[in-house]
Amino acid sequence: MFEERSAKKRFLSAPPSIPSVIAAVLEPVISALCLLVCLRLWDQPIEGLSMGLITIVAVLTFPGLNRFGRNPVATAIDILISWYGVLFVLWLLGFAVGKLDALNPNMLLAWAISTPVCLWLCTQAGTLWFRHQASKPEARRRAVIAGANHLGLRVAEMLTQHAVPPHECLGFFDDREPARLPPEAHVVGRLEAMPDFIDKHGVKDVFVALPLTSQPRIMNLMASLQNTTASLHFVPDVFGVNIIQGRLQDIGGIPVVGLTVTPFTGVNGLIKRLSDIVLASIILVLIAPLLLLIALGVRLSSPGPVIFRQHRTGLDGEIIKVYKFRSMRTMDNGAVVKQATKGDPRVTKFGAFLRRTSLDELPQFVNVLQGRMSIVGPRPHAVAHNEHYAKVVKAYMARHKVRPGITGWAQVNGLRGETDTLDKMARRVEFDLEYLRNWSLGLDLLIIVRTVKLMIFDRGAY
């Protein structure tokens, strides 16, 4: 029983730093105090309405962001954006309950101006204080690194420039010959000498940055360091992998490092799906007359069906049917699918207009409601193309960890239309992976806005 419980507690989340805790409460405290001072200066009663306002402000601003150590100008801009976002929410609440005129407008204006100023001043004062504390010799933790390689050098840079609390890196330990070691690495001995060095120099932290191929040496080193008082940290060398949404999980006491993981898990997945349903429903209602006109145009432009159904690769590599307005006289959907090229004789005149403006993609909003696609995501390619490019483009199939999109980050960065070279496809995949690494609802909205602009002005698709 005790072994099972101890296993579950073996790996814990790192506690927040002291600056993070202070920053979390600083913003709501400053906002509330400034409001109290302004209420006093304008002889406003501190009762029901004002106390409710103080409570709402504290809730909206907690936890505050850790802005200590940032550039003063960037900090000021960040504070202003965050604060006036809070004021906008308060204005909406006041408008909804009809209490906009219940407080002195001059008092509210003074509060709106004084709060970000006081918060900025406190943040700068805190930055100076933390820097002063970090500059004290007793505040710096002595550290050594096992492994004088590219990873070890990156760890040394992190420890001396970004770590909280700051560290003093005393050097590297490595068993390789001096000729094989990077000249910028200060090597103080071989791995077997680490325990004695740690005891002699009062080392507090040891960072093991040896390659994974050195597992026996890593295990022997860890065993020899168990009898020291230094804290041991293992740094896995995963930087050679194309990491997507990398994260560390604790599953029953077993550390699991996720290297290539979909961003749409948990709450993120719910937000993504709800935004797709809401936006797709609104858009379909708004464009319904346009859909009828386009359908009529397709029918009159050439014989054949209005909607072209093509097999594409969707989420987790599953085959899905994607809807498009037919823009060609022929419909390729077999083992070999030729991409449309400039001046392609298969494309009708009306179809060329549809492809140039991306109006042929509009039926895919129905695919979004069906759950087969998303509004924003990597564009789905024909199955035949996937089978080819998966063999020649690195990390190509990683783009299928999410639902394919009507538009995507690659398309709004100049990679619409034909990918007639391997380099173009590789660049498209890299943009798709960048989207997966950096996804947010704000990024999705930005891509949608840029897509509308491209539909009007871009001539890259045919």
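All values reported here derive from a predicted model rather than from experimental measurement.

On to the overall build of the protein, then. For the protein, the count of helices and strands is 14 helices and 11 strands. Residue burial in the protein is summarised as follows: out of 462 residues, 41% are buried. When the accessible surface of the protein is totalled, it reaches about 25900 Å², and 64% of it is carbon and sulfur.

Attention shifts here to the confidence of the model for the protein. Within the protein, residue pLDDT values average 84, and 90% of them lie at 70 or more. The low-confidence segment residues 1–7, where pLDDT is below 50, has 2 contacts with residues more than four positions distant or belonging to other chains.

It is at 9 Å that the axes of helix H2 (residues 18–41) and helix H5 (residues 105–135) come closest, and there the two elements cross at 150°. The orientation of H2 with respect to H5, classified from their angle, is roughly antiparallel. Between H2 and H5 lies a crossing whose hand is right-handed. Of the residues in H5, those in contact with Ile 18, Pro 19, Ile 22, Leu 26, Glu 27, Ile 30, Ser 31, Cys 34, Leu 35, Cys 38 and Leu 39 of H2 are Met 107, Ala 110, Trp 111, Ser 114, Thr 115, Cys 118, Leu 119, Cys 122, Thr 123 and Phe 130.

This part covers the sheet that holds strand E5 (residues 231–234). Strand order in this open sheet of 5 strands is E3-E2-E1-E4-E5, and the pairing throughout is parallel. The sheet terminates laterally at strand E3 (187–189) and E5, the two strands that pair on one side only. Between one strand axis and the next, the sheet turns by 35° as a mean value, whatever way the strands run. Two elements, strand E2 (residues 167–173) and E3, share 2 bridges in a ladder whose sense is parallel. Bridge pairing in E3 links Phe 173 to Gly 189. Across the face of the sheet, helix H6 (residues 150–161) comes into contact with strand E1 (141–146), E2 and strand E4 (205–208) while running at roughly 165° to E2.

In this structure, Ile 294, Phe 325, Leu 362, Phe 365, Trp 409, Tyr 435 and Ile 447 are the most contacted members of the largest nonpolar core, which totals 40 residues. Secondary structure elements with two or more residues in this core: helix H9 (267–301), strand E9 (319–325), helix H11 (364–370), strand E10 (374–376), helix H13 (422–437) and helix H14 (441–457). When sequence neighbours within four positions are dropped, the list of residues in contact with Phe 325 reads Leu 291, Ile 294, Ala 295, Val 298, Val 306, Ile 307, Leu 354, Leu 359, Asp 360, Leu 362 and Pro 363. Grouped together as the second largest cluster of nonpolar side chains are 23 residues, Cys 34, Leu 90, Leu 103 and Leu 119 included.

Further remarks concern the packing of aromatic side chains. By convention here, two paired aromatic rings are described through the distance between centres and the angle between planes. For the coordinates displayed, the defined rule picks out 8 aromatic pairs. Taking the centre distance of 5.2 Å and the plane angle of 75° together, the rings of Phe 173 and Phe 197 count as edge-to-face. Highlighted residues: Phe 173 in strand E2 and Phe 197 in helix H7 (residues 194–201), separated in sequence by 24 residues. Owing to a relative accessible area of 15%, Phe 197 belongs among the buried residues under this scheme. Aromatic ring contacts, followed pair by pair, group Phe 68, Trp 129 and Phe 130 into a single cluster. The positively charged end of Arg 399 is found above the aromatic ring belonging to Tyr 396, 5.5 Å away from the centroid.

Where charged atoms from two side chains of opposite charge come close, those side chains can pair. All told, the structure shown has 14 salt bridges when counted by the stated rule. Between Asp 78 and Arg 70 there is a salt bridge, with its nearest N and O atoms 3.2 Å apart. Ionic pairing is found between Glu 361 and Arg 379, a salt bridge with its closest N-O pair at 3.0 Å. Of the two residues, Glu 361 sits in the loop between helix H10 (349–357) and H11 while Arg 379 sits in the loop between E10 and helix H12 (383–392), which places them 18 residues apart along the sequence. Assessed through its relative accessible area of 9%, Arg 379 is described here as buried. Salt bridges linked by common partners bring Glu 27, Arg 67, Arg 70 and Asp 78 together as one network.

Let us look at the state of the cysteines. This model, assessed by the stated rule, comprises 0 disulfides. Of all cysteine sulfurs, the one in Cys 118 lies closest to Cys 122, which takes part in no disulfide; the gap is 6.5 Å.

A word on the packing of H2 against helix H3 (residues 48–61). Interhelical geometry of H2 versus H3 gives an angle of 160° and a closest axis separation of 8 Å. Our classification of the angle between H2 and H3 gives roughly antiparallel. Where H2 crosses over H3, the two elements pack in a sense that is right-handed. Within the contact between the two elements, H2 uses Glu 27, Pro 28, Ser 31, Ala 32, Leu 35, Leu 36 and Leu 39 and H3 uses Ser 50, Leu 53, Ile 54, Val 57, Ala 58 and Thr 61. Across the contact of H2 with H3, the residue classes break down as 9 nonpolar, 3 polar and 1 charged.

With that settled, consider H2. Taking 1.5 Å per residue, 24 residues should reach 34 Å; H2 reaches 34 Å between its end C-alpha atoms and fits that length. A bend of about 30° at Leu 26 is the largest found in H2, and the proline Pro 28 appears one to four places after it. Residue Asp 43 follows H2 closely and has a positive phi angle near 50°.

What follows is about the environment of Lys 401. One can find Lys 401 in the loop between H12 and strand E11 (405–407). A C-alpha to C-alpha distance of 9.7 Å links Lys 401 and Pro 378, two positions 23 residues apart in sequence. Residues contacting Lys 401, with those up to four places away along its chain left out, are Thr 260, Val 261, Thr 262 and Leu 315.

A few words on the side chain of Lys 324. Counting through the fold element by element, Lys 324 comes out in strand E9. The class for Lys 324 is buried, based on a relative accessible area of 11%. A polar contact of 3.5 Å, which involves the side chain of Lys 324, links it to the side chain of Asp 360. When near neighbours in sequence (up to four residues on either side) are disregarded, Lys 324 contacts Val 306, Ile 307, Phe 308, Arg 312, Arg 355, Asp 360, Glu 361, Pro 363 and Gln 364.

Reading the values: the criteria
- Residues numbered from 1 in each chain as written.
- Predicted model: local features only at pLDDT ≥ 70, side-chain atom pairs only at ≥ 80, totals over all residues.
- Heavy atoms only, no water.
- Helix = DSSP H or I, 4+ residues; strand = E, 2+ residues; numbered from the N terminus.
- Buried < 20%, exposed > 50% of the residue type's maximum accessible area, 1.4 Å probe, protein only.
- Areas by Shrake-Rupley, 256 points an atom, 1.4 Å probe, with all protein chains shown as cover.
- pLDDT = per-residue confidence, 0-100.
- Contact = heavy atoms within 4.5 Å.
- Axes fitted to C-alpha atoms, helices over the stretch in contact; angles between N-to-C directions.
- Parallel < 35°, antiparallel > 145°, perpendicular 65-115°, else oblique.
- Left-handed = near helix turned anticlockwise from the far one by under 90°.
- Pairing = 2+ DSSP bridges.
- Core = buried A, V, L, I, M, F, W, Y, C linked by side-chain atoms within 4.5 Å.
- Phe/Tyr/Trp six-rings, centres within 6.5 Å; stacked < 30°, edge-to-face > 60°.
- Lys NZ or Arg CZ within 6 Å of the ring centre and 35° of its normal.
- Salt bridge = Lys/Arg side-chain N within 4 Å of Asp/Glu carboxyl O.
- Disulfide = S-S within 2.5 Å.
- Nonpolar A, V, L, I, M, F, W, Y, C, P; charged D, E, K, R; others polar.
- Expected span 1.5 Å × (residues − 1).
- Bend = angle between axes of the 7 residues up to and from the residue.
- Polar contact = N/O pair within 3.5 Å; in protein donor to acceptor, adjacent residues only side chain to side chain.

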